[in-house]
Structures are given as C-alpha cells and as structure tokens.
Amino acid sequence: MQAQSVTLVIGASSYIAQALIKMIIDRGEKVVAVTRNPLEAPQLQGQENIVLKTCNYSEESIAETVEEIFSFYRINNVYICNGILHGNGVFPEKKVEDFSLDSYLTVITANTLTPMLWLKNIVPRIEQQASTITIFSARIGSINDNKLGGWYSYRSSKAALNMAVRTLAIECQRRAKALKFILFHPGTTDTPLSKPFQRNVPKGKLFSTEFVAKRLFALTEGHAADANDEEIRAFVTRLSEQAVQERTDNLKYIDWDGQPISW
Ligand SMILES: NC(=O)c1ccc[n+]([C@@H]2O[C@H](COP(=O)([O-])OP(=O)(O)OC[C@H]3O[C@@H](n4cnc5c(N)ncnc54)[C@H](OP(=O)(O)O)[C@@H]3O)[C@@H](O)[C@H]2O)c1
C-alpha cells in the first residue's frame with residue numbers, strides 16, 4: 001500500500017486536540033487520532049479523514065500501536081496532548097499534607113511516562129525526517145516561574161516532562177538532526193482540565209480551544225491553517241521576524257503566543 005503523509009495526534013479526546021484535528025481535516029488532510037476511549041470523543045468518529053485508534057497506553061500497547069500506524073502511514077508531524085490535573089481521586093494539592101503516592105503515580109504516569117513511551121517508539125521511526133513533535137507541557141512546569149507553589153504533582157510531572165524532552169532533544173542533535181521538538185503551553189484554555197479553576201482567570205485570558213489550535217498549528221507548520229485568517233497571518237509574520245533573532249535550536253519551550261518560557 002502507498003504510504004500517505006498524515007498528522008499523528010495522541011490523546012485525541014483532549015478538547016484542544018479535537019479542535020486541532022478539526023482544523024487539519026477541514027484543510028482536506030488526514031489525521032491518525034489515538035485515544036484510550038473513542039466514546040469520549042464522538043466527534044472523531046465516522047469522519048472520512050480521521051483514522052481512529054484505541055490504545056490503553058500500556059508499554060506493550062503503545063509499541064504495537066506505533067508499529068501498526070507507521071507500517072500504513074507516512075507520519076509527518078506529531079502532537080502528544082495527554083495531561084491530567086484532576087479526576088478519579090486526583091486533585092491538585094494545596095499543601096504538602098495533601099500529597100499522596102497514589103495520586104502522584106497517576107499524574108506522573110499520564111503526564112510524563114506515557115508521553116515518553118510514545119516518544120521512545122516514535123522517534124526511531126522518524127529520525128531521518130524533518131518532522132516536528134509537539135508535546136503539551138504547561139508554564140507551571142517551569143522551575144524558574146514557580147512563585148506561587150501548590151499543585152505538587154501536576155507541577156513536578158510537567159517539570160519532569162520538560163527535562164526528559166530536553167534530554168531527548170540533545171540526543172537528537174546527533175542522531176536526528178532534522179527533527180524538532182516543541183514543549184507547548186496552551187495558556188488557560190476552556191477544557192475539562194481547567195474547568196474547576198476558571199473562576200480566578202482574568203477576563204479575556206481564558207482561551208477557546210479553536211484559538212489555541214490555530215496558534216499551535218501556525219507555530220508548528222509555519223503558516224496559517226486558513227489563508228484568509230488575518231489575525232493568524234499577522235501572528236505568523238511576527239513569528240518569522242522573531243525567528244531571525246533566535247538560534248536554530250531543535251527544541252522550544254514556548255507558549256501560545258510563541259514566547260519562550262524560562263526553564
Ligand atoms: N486546558 C488548559 O488550561 C491547559 C493549560 C496548560 C496545559 N494544558 C495541557 O494541555 C494538554 C491538553 O489538555 P486539555 O486541556 O485539552 O485537557 P482535556 O480535554 O481534559 O484532555 C485530557 C487529555 O489527557 C489524556 N488523559 C486523560 N487521562 C489520562 C490517563 N490516565 N493517562 C494518559 N492520558 C490521559 C486524554 O487522552 P485520551 O484521548 O487518551 O483520553 C487527553 O489527551 C494537557 O497536557 C494539559 O496538561 C492545558
């Protein structure tokens with residue numbers, strides 16, 4: 001079978017991921033979308049340009065899923081969207097007494113270990129390509145930026161993710177020179193993840209998933225998804241001017257506005 005060039009989105013039930021997938025398929029392009037439970041993302045089902053894969057994120061299941069996907073499709077760019085903050089007995093800690101081993105293991109497995117297992121299996125298959133792999137991080141994973149404290153598990157799992165991906169990017173400077181990595185902070189976005197904490201978000205600072213998806217697409221692809229979108233075209237122009245000033249690193253830890261975040 002002729003390999004096709006497609007985008008791979010992992011953790012596809014994420015509200016931000018779903019907005020991104022919609023934008024990509026609206027351009028007539030194909031997406032392979034991986035999720036634990038397709039029932040959580042009914043809008044991904046029955047769409048001509050979406051290949052939906054179910055994976056339980058065990059080490060074995062991730063290896064098998066990657067093997068299957070890469071034997072059928074020529075994957076171009078990759079987005080790893082997984083991340084949890086609360087739910088199923090997990091809630092962000094306010095004080096150290098709230099810290100629990102079970103919760104921490106749940107959070108670090110979803111936020112750090114699962115993305116790393118995907119990267120372990122994907123990188124060797126695209127190391128000769130000029131692809132971009134975006135991993136959803138968060139500004140809260142910045143050690144320098146931590147002035148507020150709290151949220152031990154989420155915060156430290158994202159910091160660990162940042163360190164692991166930075167280590168991988170250094171390894172890839174030797175073995176995969178054309179591969180680029182983005183650790184992406186979407187900003188506070190209106191999804192189930194931020195729902196319990198939206199009351200304190202200043203007006204105008206709670207982003208829609210569509211807004212974030214457009215920005216992310218522009219950051220990874222270097223152009224607007226919709227050529228008629230003036231705001232995004234202006235954003236892309238600003239990014240390309242900014243890029244002239246930057247070193248050509250293979251890793252960026254950046255926010256929705258293309259601004260670098262301090263490690
Ligand atoms: N929303 C915000 O304000 C905000 C701010 C900063 C950073 N982020 C980051 O952005 C990313 C997307 O978040 P979102 O706001 O779109 O969240 P969301 O709609 O709540 O999506 C949750 C994501 O986490 C995955 N997930 C849930 N439970 C999991 C588990 N036990 N193990 C592995 N993966 C699990 C889901 O994957 P499945 O498809 O497999 O269910 C999905 O990709 C996350 O990494 C989050 O940390 C979000």
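Whatever comes next refers back to the structure up there.
About the thresholds
- Residues numbered from 1 in each chain as written.
- Predicted model: local features only at pLDDT ≥ 70, side-chain atom pairs only at ≥ 80, totals over all residues.
- Heavy atoms only, no water.
- Helix = DSSP H or I, 4+ residues; strand = E, 2+ residues; numbered from the N terminus.
- Rg over C-alpha atoms; globule rule 2.2 N^0.38 Å.
- Contact = heavy atoms within 4.5 Å.
- Areas by Shrake-Rupley, 256 points an atom, 1.4 Å probe, with all protein chains shown as cover.
- Axes fitted to C-alpha atoms, helices over the stretch in contact; angles between N-to-C directions.
- Left-handed = near helix turned anticlockwise from the far one by under 90°.
- Nonpolar A, V, L, I, M, F, W, Y, C, P; charged D, E, K, R; others polar.
- Expected span 1.5 Å × (residues − 1).
- Buried < 20%, exposed > 50% of the residue type's maximum accessible area, 1.4 Å probe, protein only.
- Near = heavy atom within 4 Å.
- Polar contact = N/O pair within 3.5 Å; in protein donor to acceptor, adjacent residues only side chain to side chain.

*Asks:* I tried to follow the overall build of the protein on my own but got confused; where do I start?
*Replies:* Along the protein, the regular secondary structure elements total 6 helices and 7 strands. Along the protein, from the amino end to the carboxyl end, the secondary structure elements read β-α-β-β-α-β-α-β-α-β-α-α-β. Rg of the C-alpha trace for the protein: 18 Å, near the compact-globule value of 18 Å for 263 residues, within the 12% margin. Counting only C-alpha atoms and orienting by the principal axes, one finds that the protein spans roughly 55 × 45 × 40 Å. Restricting to contacts in the protein with at least 6 residues of sequence separation, those with at least 24 account for 64%. If you sum the accessible surface of the protein, you get close to 13600 Å²; carbon and sulfur atoms cover 52% of it.

*Asks:* Would you mind going over the packing of helix α1 (residues 15-26) against helix α5 (residues 209-221) with me for this structure?
*Replies:* The contact between α1 and α5 brings their axes to 8 Å, and the two run at 60°. With respect to the hand of their crossing, α1 and α5 are arranged in right-handed fashion. In this structure, α1 uses Y15, I16, A19, L20, M23 and I24 to contact α5, whose residues at the interface are T209, E210, V212, A213, K214, L216 and F217. By residue class, the composition of the contact of α1 with α5 is 10 nonpolar, 1 polar and 2 charged.

*Asks:* What's the story with helix α4 (residues 152-175) in this structure? I'm lost.
*Replies:* In an α-helix there are 3.6 residues to a turn, and that puts residues three or four apart on one side. Relative to the 34 Å expected for 24 residues at 1.5 Å per residue, α4 spans 34 Å between its end C-alpha atoms, a close match to the ideal helical length. When α4 is considered as a whole, its buried residues turn out to be S153, Y154, R155, S157, K158, L161, N162, V165, L168, A169 and C172. The secondary structure elements touched by the buried residues of α4 are α3 (101-126), β5 (132-136), β6 (180-185) and β7 (251-255).

*Asks:* Mind showing me how you'd approach unusual backbone geometry here?
*Replies:* Excluding glycine, residues mostly have negative phi values, and the peptide bonds linking residues are mostly trans. Phi at Y57 is positive, roughly 70°, even though this residue is not glycine. Along the polypeptide, Y57 turns up in the loop between β3 (50-54) and α2 (59-72). The class of Y57 is buried, set by a relative accessible area of 13%. Positioned with a positive phi, W151 is a non-glycine residue whose angle comes to about 55°. A relative accessible area of 25% means that W151 is categorised as partly exposed.

*Asks:* Help me out: how do you make sense of the site of the ligand in this one?
*Replies:* The full set close to the ligand counts 28 residues, and G11, T35, Y57, Y154 and T191 are the nearest of them. Take T35: an N or O atom from its side chain is 2.7 Å from an oxygen atom of the ligand. Y57 places a side-chain nitrogen or oxygen 2.5 Å from an oxygen atom of the ligand. When the ligand is considered free in solution it has 890 Å² of accessible area, and contact with the protein chains removes 90% of it. When residues of the shell around the ligand are traced back to their parent elements, those giving at least two are α1 and α4. Grouping the amino acids of the shell around the ligand by side-chain chemistry returns 13 nonpolar, 13 polar and 2 charged.

Any functional reading would require information that these geometric values do not contain.
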